[in-house]
Amino acid sequence: MSDEENYRVAEDLGVYLGILPAAIVRGHPKTHAEGSMHGGAPDGTHQFHVVVAIFDTRSGDRIENAKVKATISAFGHIGTKTIDLQPMAIAGTVTYGNFVALPGTDRYDISVEITALGRQHPVRVNFQYQHTR
């Protein structure tokens, strides 16, 4: 993903999306905050960690009190799944993330829904991710 592909703005929220192999997280000891987050990284070759960082574009402040979920579907919206992205406090900042299986070499549509305090309705941003093995 390039910088342009992994950043969107909607209703004054700037949203960054990252997708990393779960194996990176599995490399941390279980006693490390990243080693135990979300119940620990799942085993398997097609497991990935979806991470979202959210900012108020007007103030530049990080949004740290939101409920966030991602709906992920393969090309043609086959195999759609929705996951809650849990808050993660790492190095004094909050991002949101969880693990997901991305089994095929495919283009995935990822819709992130953000429910933030002070907003009357959820904000949605859409990304596309081309997964290669």
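Anything mentioned here points back to the structure above.
Residues numbered from 1 in each chain as written. Predicted model: local features only at pLDDT ≥ 70, side-chain atom pairs only at ≥ 80, totals over all residues. Heavy atoms only, no water.

1. Some details on the side chain of D109
Then step 1. Note that D109 resides in strand 7 (residues 106-116).
Then step 2. A polar contact is formed between the side chain of D109 and the side chain of Q128, at a distance of 3.4 Å. (Helix = DSSP H or I, 4+ residues; strand = E, 2+ residues; numbered from the N terminus. Polar contact = N/O pair within 3.5 Å; in protein donor to acceptor, adjacent residues only side chain to side chain.)

2. Some remarks on the pairing of strand 5 (residues 78-90)
Then step 1. Across six bridges, strand 4 (residues 66-74) lies against strand 5 in antiparallel orientation. For A70, the partnering residue across the bridge sits in strand 5 and is I83.
Then step 2. With five bridges joining them, strand 5 and strand 6 (residues 93-101) adopt antiparallel strand pairing. Across the sheet, residue I90 finds its bridge partner in strand 6, namely T93.
Then step 3. Count of turn residues in the strand 5/strand 6 antiparallel hairpin: two residues, of which A91 carries a positive phi of about 55 degrees. (Pairing = 2+ DSSP bridges.)

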